[in-house]
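# Working through the structure, step by step
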Amino acid sequence: MEGSQCEKIIGDYYRPIYLYCYSRLDCDSFAADDCAQEVFLTLLKKKNRLVAGKNIKLWLYRTADNVIKNYIRKNRKNLAELTEECCAVEENIFEVKAGGDAFDLLTDEELSIVTDYYGGEYASKSDIADKYGITLSSLYKKIYQIKKKLQSNDTQKIT
């Protein structure tokens, strides 16, 4: 395959491959861009072994699938570590605030939700939401409101 054929293929298929990656990677534009670029780098590396024709579209999508799988496999560990760090930071927020009377501002239900959310014996956040008879998004909203309540109390103490 010649360079001009590769340019035409890239011009014709870059956007569809990018959109395919975007949809497969939960609308993460950075990851989709990385994967789409990797697909076309692979095309350029293997251009001497490929034959331009009707199967090039199939080859691009198969390559995109492989690139996406590798991307997810490689970044799953990084995502898990980042999630653990975020949870540790959130838990520390409550530990610092618990030193004073900040938790006295919370209702019994709010205190129970926080306890279950950050240190309870529940396997998932969905189980916690079910326990309180709310949706998962409502649980996240309640946690957000509780954090704001605690942060506003901390700000009032400082001023």
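What counts and how
- Residues numbered from 1 in each chain as written.
- Predicted model: local features only at pLDDT ≥ 70, side-chain atom pairs only at ≥ 80, totals over all residues.
- Heavy atoms only, no water.
- Axes fitted to C-alpha atoms, helices over the stretch in contact; angles between N-to-C directions.
- Helix = DSSP H or I, 4+ residues; strand = E, 2+ residues; numbered from the N terminus.
- Parallel < 35°, antiparallel > 145°, perpendicular 65-115°, else oblique.
- Left-handed = near helix turned anticlockwise from the far one by under 90°.
- Contact = heavy atoms within 4.5 Å.
- Nonpolar A, V, L, I, M, F, W, Y, C, P; charged D, E, K, R; others polar.
- Phe/Tyr/Trp six-rings, centres within 6.5 Å; stacked < 30°, edge-to-face > 60°.
- Buried < 20%, exposed > 50% of the residue type's maximum accessible area, 1.4 Å probe, protein only.
- Arc of directions from axis to C-beta.
- Disulfide = S-S within 2.5 Å.
- Core = buried A, V, L, I, M, F, W, Y, C linked by side-chain atoms within 4.5 Å.

### Regarding the packing of helix H4 (residues 108-119) against helix H5 (residues 125-132)
Where H4 contacts H5, the axes come no closer than 10 Å and their chain directions differ by 160°. On the basis of their axis angle, the class for H4 and H5 is roughly antiparallel. The two elements H4 and H5 meet at a crossing, and its hand is right-handed. Taken together, the residues of H5 that come into contact with H4 (itself represented by Glu109, Ser112, Ile113, Asp116 and Tyr117) are Lys125, Ile128, Lys131 and Tyr132. Residues belonging to the contact of H4 with H5 are distributed by class as follows: four nonpolar, one polar and four charged.

### A closer look at the packing of aromatic side chains
For the structure shown, the criterion picks out three aromatic pairs. Each ring, one from Tyr14 and one from Phe40, has its centre 5.4 Å from the other, and the planes form 35°; the classification is tilted. With Tyr14 in helix H1 (residues 3-24) and Phe40 in helix H2 (residues 29-45), this residue pair connects regions lying 26 residues apart in the sequence. Taken together, a centroid distance of 5.1 Å and an interplanar angle of 80° make the contact between Tyr20 and Tyr61 edge-to-face.

### What about H5?
Looking at H5, one finds that the buried residues are Ile128, Ala129 and Tyr132. Along the axis of H5, the buried residues cluster in a sector spanning 100°; they form a single face. Backbone geometry just downstream of H5 places Gly133 in the positive-phi region, at approximately 70°.

### Considerations on the environment of Val39
Relative to the helices and strands, Val39 resides in helix H2. Look at Val39 and you get buried, because its relative accessible area is 0%. C-alpha of Val39 to C-alpha of Tyr14: the two residues are 25 residues apart in sequence and 9.1 Å apart in space. Discounting chain neighbours no more than four positions away, the residues touching Val39 are Ile17, Leu60, Thr63, Ala64 and Val67.

### Brief notes about the state of the cysteines
Under the criterion given, the structure shown has zero disulfides. Cys35 forms no disulfide, and the closest cysteine sulfur to it belongs to Cys21, at a distance of 5.2 Å.

### Points about the nonpolar core
Ile17, Cys21, Val39, Leu43 and Leu60 are the most contacted members of the largest nonpolar core, which totals 19 residues. Elements with a contribution of two residues or more to this core: H1, H2 and helix H3 (56-97). In terms of residue count, the dominant contributor to this core is H2 (seven residues). Every residue in contact with Ile17, bar those within four places of it in the chain, is listed here: Ala36, Val39, Phe40, Leu60, Tyr61 and Ala64.

Just geometry here; none of it tells us what the structure is for.
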